[in-house]
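Breakdown of the fold
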Amino acid sequence: MPKPYVIIVSAASIDGRIASKTGYSRLSCPFDLRRLHEVRASVDAIMVGANTVINDDPSLTPRYVKAIKNPIRVIIDGKLRIPLTAKVITNKEAPTIIVTTEQSDRNKTAQLMNMGVEVWVMGKERVNLRDVLEKLFTEKGVKRVLVEGGGHLNWELIKEEIADEIRLTISPYVFGAGTSFIEGEGYPTTMEGPRLRLKSVNICECGQEVVLDYTIEKG
Ligand SMILES: NC(=O)C1=CN([C@@H]2O[C@H](COP(=O)(O)OP(=O)(O)OC[C@H]3O[C@@H](n4cnc5c(N)ncnc54)[C@H](O)[C@@H]3O)[C@@H](O)[C@H]2O)C=CC1
Ligand SMILES: Nc1nc(O)c(N)c(N[C@@H]2O[C@H](COP(=O)(O)O)[C@@H](O)[C@H]2O)n1
């Protein structure tokens, strides 16, 4: 089945953390944030996990650049944990789809739908991410998806061999603990994980951050 091209973009400390142990995650300089918004403006959908919405309350709009349209916001939230006050629900600048499972509270589903949010139930206990991408492709015409974390969602997309590209900015900070860029049960050796191919390395305009772009080899 066809699926959209999937790009994961994050900024990490030099020890690979996208958030500190307290959830602090502002790692990108203004140049890097502008670069992020350029990617947002180039995609049809932006996907994040529930914890990212709970911790950051993001808008997920490409507001730092001139964009033709605001991409669809897709929130993966197996148990419908995100608050009804989240900007992705209350701010109507872009459509939002929340993807959940049969585990979620039906009343909350109804409330979300009344608030103008599309809710997709796609799985008994876990959301099947490949199915979500296929549905986005076939029903919404989504050809390119930007994934903005967090670490657990990133891991699932890597593990399921769904991600196509990784753009990671390394920022000049050390957290020592916190959420890793890719956070899951992990691979025992380099043999089991995906093979990455370096596409480009750029020093950010700020002179302190390095932007790595890797494609993920298939098969
Ligand atoms: N520095 C950066 O570039 C970024 C940092 N962050 C940080 O990452 C942290 C959040 O990351 P994580 O804790 O790893 O959480 P996450 O944002 O990956 O969300 C994980 C949650 O999403 C839901 N979920 C994901 N896949 C699912 C599936 N297949 N089925 C059902 N539910 C599913 C579950 O509720 C799961 O607990 C936040 O502190 C945020 O600030 C997030 C994005 C970018
Ligand atoms: N690329 C990148 N660099 C950082 O330093 C970040 N903290 C993030 N975070 C992502 O951006 C979302 C915030 O979006 P809005 O500015 O509110 O639109 C946040 O939730 C993460 O997904 N990304």
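Residues numbered from 1 in each chain as written. Chains lettered and ligands numbered in written order. Predicted model: local features only at pLDDT ≥ 70, side-chain atom pairs only at ≥ 80, totals over all residues. Heavy atoms only, no water.

**A short note on the site of ligand 1**
To keep things clear, this is the line we draw: Residues are classed as near a molecule or strand on a simple rule: at least one heavy atom within 4 Å of it. Between N or O atoms, a polar contact is any pair within 3.5 Å; within protein, one atom must be a potential hydrogen donor and the other a potential acceptor, and residues adjacent in sequence are included only when both atoms are from side chains. Exposure was quantified through the Shrake-Rupley algorithm and a 1.4 Å probe, taking into account, for residues, occlusion by the shown protein chains and nothing else. When residues are grouped by polarity, Ala, Val, Leu, Ile, Met, Phe, Trp, Tyr, Cys and Pro land in nonpolar, Asp, Glu, Lys and Arg in charged, and all others, Gly among them, in polar.
The environment of ligand 1 is formed by 27 residues, the closest being Thr 52, Asp 56, Val 127, Glu 148 and His 152. At 2.8 Å from a nitrogen atom of ligand 1 is found a main-chain nitrogen or oxygen belonging to Val 127. A total of 870 Å² of accessible area belongs to ligand 1 in isolation, and the protein chains cover 90% of it. Of the residues belonging to the shell around ligand 1, the class tally is nine nonpolar, 13 polar and five charged.

**Quick notes on the site of ligand 2**
Close to ligand 2 lie 14 residues, the nearest being Ser 25, Ser 28, Arg 40, Ser 59 and Arg 63. The backbone of Leu 27 places a nitrogen or oxygen atom 2.9 Å from an oxygen atom of ligand 2. One of the side-chain N or O atoms of Ser 28 is found 2.6 Å from a nitrogen atom in ligand 2. For ligand 2, whose accessible area on its own is 520 Å², the fraction buried by protein is 84%. Its residues assigned to classes, the shell around ligand 2 shows five nonpolar, four polar and five charged.

**A word on the sheet that holds strand 8 (residues 165-170)**
Operational definition: Each pair of strands is called paired provided DSSP finds at least two bridges between the two strands. Going along the chain from the N terminus, every DSSP run of H or I of four or more residues is numbered as a helix, and every run of E of two or more is numbered as a strand. Axes here mean lines fitted to C-alpha atoms, for a helix over just the part in contact, with angles spanning 0 to 180 degrees between N-to-C directions.
Spatially, 6-5-4-3-7-1-8-11-10 is the arrangement adopted by the nine strands of the open sheet, whose pairing is mixed. Strands at the two margins of the open sheet, each flanked by one partner only, are strand 6 (118-121) and strand 10 (196-203). Put simply, the sheet's adjacent strands are angled 20 degrees from each other on average, direction ignored. With three bridges joining them, strand 3 (residues 45-49) and strand 7 (residues 144-147) adopt parallel strand pairing. In the strand pairing of strand 7, Ile 46 is matched with Leu 146.

**As for the packing of aromatic side chains**
Note the following rule: The pairing test for Phe, Tyr and Trp rings, Trp by its six-membered ring, is centres within 6.5 Å, and the orientation test on the planes gives stacked under 30 degrees, edge-to-face over 60, and tilted for anything in between. A 1.4 Å probe rolled over the protein chains alone gives each residue an accessible area, and that area as a share of the maximum for its type sets the label: buried under 20%, exposed over 50%, partly exposed in between. For a lysine, the NZ atom is tested; for an arginine, the CZ atom; a charge sits over a ring if that atom is within 6 Å of the ring centre and within 35 degrees of the ring normal.
All chains considered together, the criterion is met by one aromatic pair. Summarising the aromatic geometry, the rings of Trp 155 and Tyr 187 are spaced 5.0 Å apart at their centres and angled 55 degrees between planes, so their arrangement reads as tilted. Here Tyr 187 lies in the loop between strand 9 (179-180) and strand 10 and Trp 155 lies in helix 6 (residues 151-159), a separation of 32 residues in the sequence. Trp 155 sits in the buried class, given a relative accessible area of 7%. Positioned above the aromatic ring of Trp 120, the side-chain terminus of Lys 135 is 4.7 Å from the ring centre. Here the basic side chain of Lys 143 rests over the ring of Phe 137, its NZ or CZ set 5.2 Å away from the ring centre.

**Digging into the UniProt feature "domain: Bacterial bifunctional deaminase-reductase C-terminal" (unreviewed entry) in the protein chain**
We apply this condition: UniProt positions are given in the numbering used here, feature names are shortened, and annotations may be inferred rather than shown by experiment.
Feature annotation in UniProt places "domain: Bacterial bifunctional deaminase-reductase C-terminal" (unreviewed entry) on residues 4-212, given in this structure's numbering. End C-alpha to end C-alpha, residues 4-212 measures 22 Å, and it is 26% helix and 25% strand.

**Remarks on the side chain of Glu 209**
Condition: Working convention for charge: Lys and Arg count positive, Asp and Glu count negative, and His plus the chain ends are omitted. Whenever Lys or Arg places a side-chain nitrogen within 4 Å of a carboxyl oxygen from Asp or Glu, that contact is recorded as a salt bridge. The contact rule is simple, with two residues in contact once any of their heavy atoms fall within 4.5 Å.
On the secondary structure map, Glu 209 appears in the loop between strand 10 and strand 11 (210-216). As a buried residue without a salt bridge, Glu 209 has its nearest oppositely charged side chain in Arg 35, at a separation of 5.1 Å. Only 3.0 Å separates the side chain of Glu 209 from the backbone nitrogen of Cys 29, close enough to count as a polar contact. Contacts of Glu 209, omitting those with residues within four sequence positions, involve Leu 27, Ser 28, Cys 29, Asp 32, Thr 169, Ile 170, Ser 171, Pro 172, Asn 202, Ile 203 and Cys 204.

**Observations regarding helix 5 (residues 129-140)**
One turn of the α-helix equals 3.6 residues, which is why residues spaced by three or four share an orientation. Stated formally: To estimate how far a helix should reach, multiply one less than its number of residues by 1.5 Å.
Under the 1.5 Å per step criterion, the end-to-end length of helix 5 is 15 Å for twelve residues, consistent within 8% with the ideal 16 Å. Among the residues making up helix 5, those that are buried are Leu 129, Val 132, Leu 133, Glu 134 and Leu 136. Capping of helix 5 at its N-terminal end is provided by Asn 128; its side-chain oxygen lies 3.1 Å from the backbone amide nitrogen of Arg 130. Looking one or two residues past helix 5, Gly 141 carries a phi angle of roughly 70 degrees, positive in sign.

**A look at the environment of Val 53**
Looking at where Val 53 falls in the secondary structure, it is placed in helix 2 (residues 50-56). Relative accessible area serves as the criterion here: at 2%, Val 53 is assigned to the buried category. Residues Val 53 and Arg 81, 28 residues apart in the sequence, show an inter-C-alpha distance of 9.5 Å.

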